[in-house]
Amino acid sequence: MNCILISPEELDPAGRVILHDRRLDHIVKVIKAGPGDILRMGIINSDLGQGRIEELDSHRVVLFFTPLSPPPARPLIDLIIALPRPIMLKRILAQAASLGVGRIFLINSNRVEKSFFQASLLKNENYRSYLIDGLEQAVDTRLPGVSIHPRFRPFVEDFLPGLLSGYSHCLLAHPQGPTTLAGLVRPLDSGRVLLALGPEGGWVNFEVSRFRGCGFKPFTLGPRILRLETAVVALIAQLTLLREMDGSTLPARRPWLSHRAKM
C-alpha cells in the first residue's frame, strides 16, 4: 500500500477521517507512523493529497486530509475479459487497476464456465476491494468501471457497437493473429484502446468472427501460451511501452509526492 484511499463519505466537513480497519493496521504495523506524521492519501475518484496523523492508538487513527492535486487522468486502456474463475479474477482486477485501465467488461464466452457468473465476488460489487488494492499500490484514485455481461451475443451485437466510436484501436488477443501488438499500435499513439482477451482455452471461431465484424483487429502475443492473468499484465505493459517509445523523456513525477509523505 503506497497510498491510503478513503471514500468521500468517510471524510467529515472539517477534513478529518477516522479509520479502524486494515488501513489502521497498515499505518501502525507497516509504516510505523505516529502523531504528526504525514502520509500519502487520496479520495476514491477524487483528489490526491496527504493526511496528517492527529491521534493514533490501537483502536483508531484520526487524520486531517489536505488535497494537493486532482486525480490522475483516466487511463487510455479499457479491457474486455472473458470471465475467469474467481480466484484468478481477483488477481486480474488488482493488477489491471494498478497498471491503469479505465473500464473492464467481464463477458461470457463459449469456454467460460457458466457457474462463474454466480460467484459471490460479482455480487454487490464485492470485487471493489481488489480494485482499491491495485489503486493503493499505484498511487491512483480513479476506480475502474466494471460491468458484467453474461450473454455473449447481446454484448457483441447490441452493447459493443455503441462504444466503438470512442476508441482509436480495438484489438483482439488471439493465438492465430496475423501480426503482433507492435504491428498495430505506433509509437506515441495517444488514442484510446479497447483490448479483448479470451478465456484460458481461447476464443472460438464464431467469437473471433463477431469481434472482427465489429472492427477488432486480431494480434498474437507470440508462440507461448500465457495464463489470462499473465496476458493482461504483459499486454498492458507492452501497450504502454509502445506508446512511449520515443524515449526522450520520462513521465513527470507528481508534484504532491514530496519526501515528507511517508508510505
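We now turn to the structure provided with this report.

What counts and how
- Throughout this description, residue numbers start from 1 for each chain and increase along the sequence as written.
- For a predicted model such as this one, the threshold for reporting local features is a pLDDT of at least 70, and the threshold for listing and counting side-chain atom pairs is 80 or more; totals across whole chains, interfaces and linings nevertheless cover every residue.
- Side-chain measures here rest on the full set of heavy atoms in the structure, leaving out hydrogens and waters.
- To qualify as a helix, a DSSP run of H or I must reach at least 4 residues; to qualify as a strand, a run of E must reach at least 2; elements of each kind are numbered from the N terminus.
- As defined in this context, the radius of gyration uses C-alpha atoms, and a globule is described by 2.2 Å times the residue total to the power 0.38.
- Here the term buried applies to any residue with accessible area under 20% of the maximum for its type, exposed to any over 50%, and partly exposed to those in between, with areas from a 1.4 Å probe on protein chains only.
- Residues are treated as being in contact if the distance between any of their heavy atoms lies within 4.5 Å.
- For the area figures, the Shrake-Rupley method with a 1.4 Å probe applies, and any residue is considered shielded solely by the protein chains shown.
- Positive charges are assigned to Lys and Arg, negative charges to Asp and Glu, while His and the chain termini are left out of the count.
- Here the site of a charge means atom NZ of a Lys, CZ of an Arg, CG of an Asp or CD of a Glu.
- Paired strands, in this sense, are two strands between which DSSP finds at least two bridges.
- Angles run from 0 to 180 degrees between N-to-C directions of axes, and those axes are lines fitted to C-alpha atoms, restricted for helices to the stretch in contact.
- Directions from the helix axis toward the C-beta atoms define the arc.
- In plain words, nonpolar cores are sets of buried Ala, Val, Leu, Ile, Met, Phe, Trp, Tyr and Cys residues tied together by side-chain atoms within 4.5 Å.
- In these notes the angle categories are as follows: under 35 degrees is roughly parallel, over 145 is roughly antiparallel, 65 to 115 is roughly perpendicular, and the rest is oblique.
- Two helices cross in a left-handed way if the nearer one is turned anticlockwise from the farther one by less than a right angle. They cross in a right-handed way if the turn is clockwise.
- Three classes are used: nonpolar for Ala, Val, Leu, Ile, Met, Phe, Trp, Tyr, Cys and Pro, charged for Asp, Glu, Lys and Arg, and polar for all others, with Gly counted as polar.

### Considerations on the overall build of the protein chain
Part 1 of the argument: When helices and strands are tallied, the protein chain shows 6 helices and 11 strands.
Part 2 of the argument: For the protein chain, the C-alpha radius of gyration of 20 Å lies close to 18 Å, the compact-globule estimate for 263 residues.
Part 3 of the argument: Structurally, the protein chain occupies a C-alpha span of about 60 × 50 × 35 Å along its principal axes.
Part 4 of the argument: Per-residue burial over the protein chain gives 48% buried out of 263 residues.
Part 5 of the argument: Restricting to contacts in the protein chain with at least 6 residues of sequence separation, those with at least 24 account for 73%.
Part 6 of the argument: As displayed, the protein chain offers around 13000 Å² of accessible surface, 52% of which is attributable to carbon and sulfur atoms.
Part 7 of the argument: Put simply, the protein chain has 32 plus and 24 minus side-chain charges, and the middle of one group is 5 Å from the middle of the other.

### Looking at the sheet that holds strand S8 (residues 145-149)
Part 1 of the argument: Taken in spatial order, the 6 strands line up as S8-S7-S6-S10-S9-S11 in an open sheet, and their pairing is parallel. In the strand order of this sheet, the two ends are held by S8 and strand S11 (217-219), each with one partner. Put simply, the sheet's adjacent strands are angled 20° from each other on average, direction ignored.
Part 2 of the argument: As judged from the 4 bridges shared by strand S9 (residues 169-173) and strand S10 (residues 193-197), these two strands associate in the parallel manner. Bridging from a neighbouring strand, Leu171 pairs with Leu195 of S10.
Part 3 of the argument: Running over the sheet, helix H5 (residues 205-213) touches strand S6 (77-82), strand S7 (103-107), S9, S10 and S11 and is turned about 170° from S9.

### Let's talk about the pairing of S10
Part 1 of the argument: Of all the 5 residues making up S10, 5 are buried; the element is thus mostly covered by neighbouring parts of the structure.
Part 2 of the argument: Of the two faces of S10, the one carrying Val193, Leu195 and Leu197 and the one carrying Leu194 and Ala196 are both buried.

### Examining the pairing of strand S4 (residues 48-56)
Part 1 of the argument: For strand S3 (residues 38-43) and S4, the ladder comprises 5 bridges, and the chain directions are antiparallel. Counted as the bridge partner of Leu39 is Gly51 from S4.
Part 2 of the argument: With antiparallel pairing between neighbouring strands as the criterion, S3 and S4 make up a hairpin whose turn holds 4 residues, including Asn45 at a positive phi of roughly 65°.
Part 3 of the argument: By the bridge criterion, 8 bridges tie S4 to strand S5 (residues 61-69) in an arrangement that is antiparallel. Note on S5: the bridge partner recorded for Glu55 is Val62.

### What to know about helix H1 (residues 22-31)
Part 1 of the argument: When we look at burial in H1, the residues that qualify are Arg23, Leu24, His26, Ile27 and Ile31. One face of H1 carries all of its buried residues, which in axial projection span an arc of 160°.
Part 2 of the argument: Considering only its buried residues, H1 is in contact with strand S1 (4-6), strand S2 (16-19), S3, S4 and S5.
Part 3 of the argument: Positive backbone phi, approximately 55°, marks Lys32, located one or two places after H1.

### Focus: the nonpolar core
Part 1 of the argument: In this structure, Leu79, Ile80, Phe211 and Phe216 are the most contacted members of the largest nonpolar core, which totals 64 residues.
Part 2 of the argument: When residues in this core are grouped by element, the largest group, 7 residues, is from helix H6 (residues 228-242).
Part 3 of the argument: When residues no more than four places from it in sequence are discounted, the contact partners of Leu79 are Ala96, Val101, Arg103, Ile104, Phe105, Leu194, Leu195, Leu197, Val232 and Ile236.
Part 4 of the argument: Membership of the second largest hydrophobic core comes to 15 residues, among which are Ile6, Ile31, Leu39 and Leu63.

### A short note on the side chain of His149
Part 1 of the argument: Relative to the helices and strands, His149 resides in strand S8.
Part 2 of the argument: What His149 contacts, discounting residues up to four positions off in sequence, is Phe105, Leu106, Ile107, Asn108, Phe117, Phe155 and Phe159.

### Digging into the packing of helix H4 (residues 152-159) against H5
Part 1 of the argument: Between H4 and H5, the shortest axis-to-axis distance is 10 Å and the interhelical angle comes to 15°. Judged by the angle between their axes, H4 and H5 are roughly parallel. Between H4 and H5 lies a crossing of left-handed hand. Of the residues in H5, those touching H4 at Phe152, Arg153, Val156 and Glu157 are Phe206, Glu207, Arg210 and Phe211.
Part 2 of the argument: A breakdown of the residues in the contact of H4 with H5 according to their chemical character gives 4 nonpolar, no polar and 4 charged.

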